[in-house]
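Residue-level structure breakdown
Each chain, letter by letter, is given below.
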Amino acid sequence: MASVTHEDDVKETDVVDMRERKRRCTDVIFFFGLIAAWFCMTIVGFIVCGVIKDKSLPSGDPAKLSSPVDYLGHTCGYHSSVENKPYGYYMANTAVVCVKDCPSENDYTKFFCHYDLQSDVDGSYYKGYTYVETFSCMYKIKTKVFFNRCVPDTNVQNALNEAKKYASATNETLSDSSSYATSNDSMSWFNTFIADVCYLRGYIFGFGIGIATAVSFLYLYLLRIPGLLFTAIWSVIISIMVLLFVGSWLLWSLANTWSTDGVHGKNEIITMRVFAYFGIIMTVLYVCVIVVLRSRIQLAIGVVKQASRAMTAMPSVILLPIIQTFGVTCFLAVWVVYVFYLASSGEIVTETTTKAGISYSYRTYAYTKNSKYAFLYLLFCWFWTSEFIIAAGQLIIALSFASWYFTRDKSTVGNTNVIWAFRTTARYHLGTAAFGSLIIAIIKTIRAVLAYIERKAKKSGNKIAQYIICIISCCLWCLEKCMKFLNKHAYILTAIYAYSFCKACRRAFFLLLRNILRVAAVNMVASFLLMIGKLFAPVFTTFLCYLAVAYGAPQVGTTGIIAPLILCFVLAYWISGMFSEMFGMGIETILFSFIADEEMYKVEDRFAEAELMSTLQKTAQAHKASKAGTKVHQESEGESTEAAKVQSQSGDLVF
């Protein structure tokens, strides 16, 4: 393990002054490795962009990707036969011919045609109307250039009517199909949607972002109301138990009814009884699980309350996803440019395939071996960087919530705590984030390679290879999920103890094993609350937006409110999703902080408050009683042993 942290110097009890304690950089070599990966990615990008010349890796031209392709599969402006024709002009059936310039005026006596017909039509223009009917030619109409394509810049129906007049003058006819296919309804709906969104943009973004944020915080405050969370959780638990019992009883009753009605067969009755037995077994198991977890569920409720307190005390933590989004955007702005240049560096080839006796031609790119490796490397850099940004965010959240927990006077904790967590992560623990994200990136890259091999296997029809790859992919998917779960908890221990990644993973694994029932109970309660919150915020926000738009906003200029309300719901759901992710990480951090508090300190020195303190006291009493029972048992065993020895000695004297 590469780390510059001297872990023996880090005392776990130092968490008393968590913000003042001395930290050292962890796993710094992996952060330097990430920087080196970015540097190498930049070199590859400069090569494919043509800034650096290298014969082993061809440079690209993104214009090739956006250039139109004619009806023969030739790229306009690039294929040898159309090098001097960079623009694409559409026939009535949307097929393309390459042209030198897009027409700027309507001219119904001149045509763009298939290349083998162009000279014939140029000599006798009236023949063009005949070829228009077979979609081999198209009269010139006013267009504008858009991505090297000649897009009509005039009323298409009026152009068709004018073309009909010219055609009739030459004894030719044009049908209504001799024009570009348009969907007025779809265009009208789209234009209406854009107009409504633009007109109501203040309501959409105001409610979808601003009000949704306020409603999400309101939800956190509601969780702190005494008795509300307890009532909600236990009501759901008891309701599920009642539903299981009633469902099993109804199945059993229905099976008894069917056994006497003479209508249903023996197999149907047996099937119903089997389901009834299964329901009874599930009910009994459910009750047993709840009985075992009852104290842990109380702990979970206390953890959720403390997490909601922490998050409302540090509202600026909501800005973290925005910072993460900005970081991802900055990376993508460069990465996408490199990918486009690399994607356009291949040789354009036309391939033909036959399906149902019909041959189809399509354009594809052929890449060199080095280009494929460059694709894979860029993909790996994307995986590593995106996971690194997520990991850094998790560390910041863990540091914020852990330092809140390990503070005696929690009224002194505010937004400055988030700033401290951000600085601490940036200064000491980016290496740990890079290490954890590297593992996830490697797994994802292997999965991407397997997906590529699987596509090749499907084309070759090798079923055995497909099955093997599918099994390996499933195993890797499971491994990725497990590593993400373990990484998240390792980051929490890094936040609390300043551990390096490997030690944090090892400690987190055994900590999870020692407290598996607590973790299960907390995850059960947290999942339910996060799901409710994820739905509560967008639904309530959209309802408020509806009231404001329907009864408060002037209706002049709008044709409907459904589309803007849907967009408002999407924005609010995104905001509530961010809250759920941060709140979920906060709950896990509070739980681990509670466990660390329990294992390190005496009852009177612990940081737990409210429900968590009562749980600690009960645990301490149970532990004390267990110790006392063990001591009494050992003493009784000692007394029995002494009595046996005396009896044995007495027996020896008798004999």
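Quick notes on the layout of surface pockets
- Quantified by volume, the largest pocket comes out at close to 1,100 Å³.
- Forming the boundary of the largest pocket are 36 residues, of which Ile 390, Gln 394, Lys 488, Glu 581 and Met 582 lie nearest the centre.
- If you list the elements that add at least two residues to the lining of the largest pocket, you get helix H10 (320–343), helix H11 (369–405), helix H12 (415–460), helix H13 (463–497), helix H15 (516–551) and helix H16 (562–600).
- Looking at which element gives the most residues to the lining of the largest pocket, the answer is H16, with nine residues.
- A class-by-class count of the residues in the lining of the largest pocket yields 17 nonpolar, 12 polar and seven charged.
- Volume-wise, the second largest pocket comes out at about 850 Å³.
- As for the second largest pocket, its lining consists of 24 residues, and the residues nearest its centre are Tyr 367, Lys 372, Tyr 452, Arg 455 and Lys 456.
- For the lining of the second largest pocket, the secondary structure elements donating two or more residues are H10, strand S7 (347–355), strand S8 (358–366), H11 and H12.
- With eight residues, the top contributor of residues to the lining of the second largest pocket is H12.
- Along the lines of polarity and charge, the residues of the lining of the second largest pocket split into 17 nonpolar, one polar and six charged.

Some words on the state of the cysteines
- Using the criterion set out here, one finds three disulfides in the structure.
- Residue pairing for Cys 102: its cysteine sulfur links by disulfide to Cys 150, the two sulfurs lying 1.9 Å apart. Its S-S torsion of approximately -80° makes the covalent link between Cys 102 and Cys 150 left-handed. Here Cys 102, found in the loop between strand S2 (96–99) and strand S3 (107–113), pairs with Cys 150, found in strand S6 (residues 149–152); they are 48 residues apart in sequence, far enough to count as distant.
- Taking relative accessible area as the criterion, Cys 150 reaches 0% and is therefore assigned buried.

Section: the packing of aromatic side chains
- Throughout the structure, instances matching the rule amount to 20 aromatic pairs.
- Between the aromatic rings of Tyr 71 and Tyr 115, the centroid separation amounts to 5.4 Å while the plane-to-plane angle is 35°, which identifies the pairing as tilted. Of this pair, Tyr 71 sits in the loop between helix H2 (63–66) and strand S1 (87–90) while Tyr 115 sits in helix H3 (residues 115–123); the two residues are 44 residues apart in sequence, bridging distant segments of the chain.
- An angle of 10° between the planes, with centres 6.5 Å apart, marks the rings of Tyr 203 and Phe 207 as stacked. Here Tyr 203 and its partner Phe 207 are both found in helix H7 (residues 201–223), four residues apart, which amounts to about one turn of the helix.
- For Tyr 203, a relative accessible area of 27% gives the class partly exposed.
- Ring-pair connections join several aromatic residues into one group, and the members of that group are Phe 30, Phe 435, Tyr 491 and Phe 501.
- The ring of Trp 252 carries Arg 273 above its face, with NZ or CZ at 4.8 Å from the centroid.

Description of the sheet that holds strand S5 (residues 143–146)
- With mixed pairing, the four strands of this open sheet are ordered in space as S2-S1-S6-S5. For this open sheet the edge positions go to S2 and S5, each flanked by a neighbour on one side alone. Between one strand axis and the next, the sheet turns through 40° on average, direction left out of account.
- Relative to S6, S1 is paired through two bridges, and the arrangement is parallel. Residue Gly 88 lies in a different strand from S6, and its bridge partner there is Arg 149.

What about the nonpolar core?
- With 96 residues, the main nonpolar core has Ile 297 and Phe 583 as its most contacted residues.
- When residues of this core are assigned to their parent elements, the largest contribution, 16 residues, is made by H11.
- Apart from the residues within four sequence positions on either side, Phe 583 is in contact with Leu 220, Leu 223, Val 304, Ala 307, Ser 308, Met 311 and Leu 530.
- Counting 24 residues, the second-largest nonpolar core is a separate cluster that includes Tyr 89, Phe 111, Val 121 and Leu 160.

Remarks on a positive patch on the surface
- Together, Lys 372, Arg 455, Lys 456 and Lys 459 give the surface a local cluster of positive charge.
- Tracing the sequence through the fold places Arg 455 in helix H12.

Some details on empty space enclosed by the protein
- One pass over the structure, following the stated rule, counts one cavity of 30 Å³ or more.
- Volume-wise, the largest cavity comes out at about 110 Å³.
- Secondary-structure elements contributing two or more residues to the lining of the largest cavity are H7, H15 and H16.
- A per-element tally of the lining of the largest cavity places H15 first, with six residues.
- Here the lining of the largest cavity is composed, by residue class, of nine nonpolar, four polar and one charged.

Considering a nonpolar patch on the surface
- A cluster of nonpolar residues, Met 531, Ile 532, Leu 535, Val 539, Ile 562, Ile 566, Phe 569, Val 570 and Tyr 573, forms a patch on the protein surface that exposes about 810 Å² of accessible area.
- At the level of secondary structure, the elements contributing two or more residues to the nonpolar patch comprise H15 and H16.
- A total of five residues in the nonpolar patch trace back to one element, the largest contributor, which is H16.
- Turning to its location among the elements, Val 570 is positioned in helix H16.
- With a relative accessible area of 48%, Val 570 lands in the partly exposed category.

What about the confidence of the model for the protein?
- Here the protein averages 80 in pLDDT, while 82% of its residues score no lower than 70.
- Confidence drops under a pLDDT of 50 for residues 1–10, and excluding neighbours within four residues, the segment shows 26 contacts in the predicted structure.
- This stretch, residues 643–655, has a pLDDT under 50; its non-local contacts, to residues over four places away or in other chains, come to zero contacts.

Quick look at the side chain of Thr 542
- Summarising the element assignment, Thr 542 is placed in helix H15.
- A distance of 2.6 Å separates the side chain of Thr 542 from the backbone oxygen of Pro 538, its partner in a polar contact.
- Those residues in contact with Thr 542, other than ones at most four positions away along the chain, are Leu 565, Cys 568 and Phe 569.

Structural notes on the pattern of salt bridges
- Scanning the model with the defined rule gives five salt bridges in all.
- When the shortest N-O distance is used, the salt bridge between Glu 387 and Lys 444 registers 2.9 Å. Placement of the pair is Glu 387 in helix H11 and Lys 444 in helix H12, with a sequence separation of 57 residues. Per residue, the accessibility class of Glu 387 equals that of Lys 444, and both read buried.
- Among the ionic pairs, Arg 518 bridges to Glu 598, the shortest N-O distance being 2.6 Å. Here Arg 518, found in helix H15, pairs with Glu 598, found in helix H16; they are 80 residues apart in sequence, far enough to count as distant.
- Through salt bridges that share partners, Arg 447, Glu 480 and Lys 484 make up one connected network.

Analysis parameters
- Residues numbered from 1 in each chain as written.
- Predicted model: local features only at pLDDT ≥ 70, side-chain atom pairs only at ≥ 80, totals over all residues.
- Heavy atoms only, no water.
- 1 Å grid on protein atoms, 1.4 Å probe; cavity = no way out; pocket = protein on both sides within 12 Å on 5 of 7 lines; lining within 4 Å.
- Points joined across faces, edges and corners; volume = space filled by probe spheres on them.
- Helix = DSSP H or I, 4+ residues; strand = E, 2+ residues; numbered from the N terminus.
- Nonpolar A, V, L, I, M, F, W, Y, C, P; charged D, E, K, R; others polar.
- Disulfide = S-S within 2.5 Å.
- Buried < 20%, exposed > 50% of the residue type's maximum accessible area, 1.4 Å probe, protein only.
- Phe/Tyr/Trp six-rings, centres within 6.5 Å; stacked < 30°, edge-to-face > 60°.
- Lys NZ or Arg CZ within 6 Å of the ring centre and 35° of its normal.
- Pairing = 2+ DSSP bridges.
- Axes fitted to C-alpha atoms, helices over the stretch in contact; angles between N-to-C directions.
- Core = buried A, V, L, I, M, F, W, Y, C linked by side-chain atoms within 4.5 Å.
- Contact = heavy atoms within 4.5 Å.
- Patch = residues over 30% accessible without salt bridge, like charges linked within 9 Å, V, L, I, M, F, W, Y side chains within 5 Å.
- Areas by Shrake-Rupley, 256 points an atom, 1.4 Å probe, with all protein chains shown as cover.
- Salt bridge = Lys/Arg side-chain N within 4 Å of Asp/Glu carboxyl O.
- Lys, Arg positive; Asp, Glu negative; His and termini not counted.
- Charge placed at Lys NZ, Arg CZ, Asp CG, Glu CD.
- pLDDT = per-residue confidence, 0-100.
- Polar contact = N/O pair within 3.5 Å; in protein donor to acceptor, adjacent residues only side chain to side chain.

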